[in-house]
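This is what each chain is made of:
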Amino acid sequence: EQGLAYAAAGDLVRGLLAADPDLLGRLDDSGEALATLNPSVSGTFGGIDSSAARRRVHESIRAALAAHPAVVIVDDAHLIDAPSAELLGFLARRCPPGVLLIATWPTRAGRGLLPDAVRDSLSGTRPILLGALTAHDVEELAGPDAKVDAPDVVQRTGGVPLLVAELVAASA
């Protein structure tokens, strides 16, 4: 959804509000900025057309995340839209205590806005590189009673966990 501005950020806000429906009220002024990313609350989507407005939105999401321990998972971070990447990069550099940000992207994906921001925020640490699933991994995932040709699954999926899981589930 790279062409949809704030698509991933909007998903994050919807998730925060689903987990804590009273969040906007407790955030006072920050709640108003947060509502701009949720059309079901604000009635519109947008109004984030200046640097100051973006900063208010970034700070409001940071405040919302700081309210409770949270794990934020961004899968396929190399595909994220630019405004959401900017926002999540802001969070990666200023992650509130009690919040874990996990961003995944394939090593072959090259550069991306969010992966670059995450790399930049890692001062003194290093990313964890995970390889593709092996035939042994596929066998473990499928379980002892499964009739799966693990080497064939790896060859067809490239060992991508989501694809492996889908193919294993389809063959069950």
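Remember, it's a predicted structure, so these values are computed and weren't measured experimentally.

Our next topic: the overall build of the chain. A count of helices and strands for the chain gives ten helices and two strands. Put simply, the chain runs from its N terminus to its C terminus through helices and strands in the order α-α-α-α-α-β-α-β-α-α-α-α. In the chain, which comprises 172 residues, the proportion classed as buried is 34%.

As a further point, take the packing of helix H5 (residues 51-66) against helix H6 (residues 82-93). Interaxial distance between H5 and H6 falls to 10 Å at its minimum, and their mutual angle equals 50°. Judged by the inter-axis angle, H5 sits oblique to H6. Read as a crossing pair, H5 and H6 show a hand that is right-handed. Of H6, the residues touching H5 (which contributes Arg54, Arg55, Val57, His58, Glu59, Ile61, Arg62 and Leu65) are Glu86, Leu87, Phe90 and Leu91. Of the residues that constitute the contact of H5 with H6, the class distribution is six nonpolar, one polar and five charged.

Ranked by size, the top nonpolar core spans 31 residues in total, and within it Leu34, Leu37, Ile61, Leu65 and Leu91 carry the most contacts. Leave out the neighbours within four places in its chain, and Leu91 touches Leu12, Ile61, Arg62 and Leu65. Among the nonpolar cores identified, the runner-up in size contains five residues, and Val138, Ala150, Val164 and Val168 belong to it.

This part takes up the side chain of His58. Mapped onto the fold, His58 is located in helix H5. His58 gets classed as buried once you look at its relative accessible area, which sits at 5%. With residues up to four places along the chain from it excluded, the contact list for His58 reads Glu86, Leu87 and Phe90.

On the surface, Val71, Ile73, Leu100 and Ile102 cluster together into a nonpolar patch covering about 360 Å² of accessible area. Within the residue set of the nonpolar patch, elements represented by two or more residues are strand S1 (70-74) and strand S2 (99-103). Relative to the helices and strands, Ile102 is located in strand S2. We classify Ile102 as partly exposed; its relative accessible area is 32%.

Considering all chains together, one arrives at five salt bridges under this definition. Between Asp20 and Arg26 there is a salt bridge; the shortest N-O distance is 2.2 Å. The exposure class assigned to Asp20 is buried, which follows from its relative accessible area of 10%. Across the salt bridge formed by Arg55 and Glu59, the nearest N and O atoms sit 3.1 Å from each other.

What follows covers the confidence of the model for the chain. Atomic detail in the predicted coordinates should be set aside for any region of low pLDDT. Confidence in the prediction of the chain, expressed as mean pLDDT, is 80, and 81% of residues score 70 or more. Of all secondary-structure elements in the chain, the lowest mean pLDDT belongs to helix H4 (residues 39-42), at 58, while helix H9 (residues 150-157) reaches the highest, 94.

It is worth spelling out the packing of helix H8 (residues 135-142) against helix H10 (residues 161-171) at this point. How two helices sit against one another is set out by the angle between their axes and by the gap between those axes. It is the contact of H8 with H10, at a shortest axis distance of 10 Å, that shows an interaxial angle of 50°. With respect to H10, the axis of H8 lies oblique. By crossing handedness, the relation of H8 to H10 is classed as right-handed. Counting all contacts with H8, which are made through Val138, Leu141 and Ala142, the residues of H10 involved are Val164, Ala165 and Val168. Residues belonging to the contact of H8 with H10 are distributed by class as follows: six nonpolar, no polar and no charged.

Conventions adopted
Residues numbered from 1 in each chain as written. Predicted model: local features only at pLDDT ≥ 70, side-chain atom pairs only at ≥ 80, totals over all residues. Heavy atoms only, no water. Helix = DSSP H or I, 4+ residues; strand = E, 2+ residues; numbered from the N terminus. Buried < 20%, exposed > 50% of the residue type's maximum accessible area, 1.4 Å probe, protein only. Axes fitted to C-alpha atoms, helices over the stretch in contact; angles between N-to-C directions. Parallel < 35°, antiparallel > 145°, perpendicular 65-115°, else oblique. Left-handed = near helix turned anticlockwise from the far one by under 90°. Contact = heavy atoms within 4.5 Å. Nonpolar A, V, L, I, M, F, W, Y, C, P; charged D, E, K, R; others polar. Core = buried A, V, L, I, M, F, W, Y, C linked by side-chain atoms within 4.5 Å. Patch = residues over 30% accessible without salt bridge, like charges linked within 9 Å, V, L, I, M, F, W, Y side chains within 5 Å. Areas by Shrake-Rupley, 256 points an atom, 1.4 Å probe, with all protein chains shown as cover. Salt bridge = Lys/Arg side-chain N within 4 Å of Asp/Glu carboxyl O. pLDDT = per-residue confidence, 0-100.

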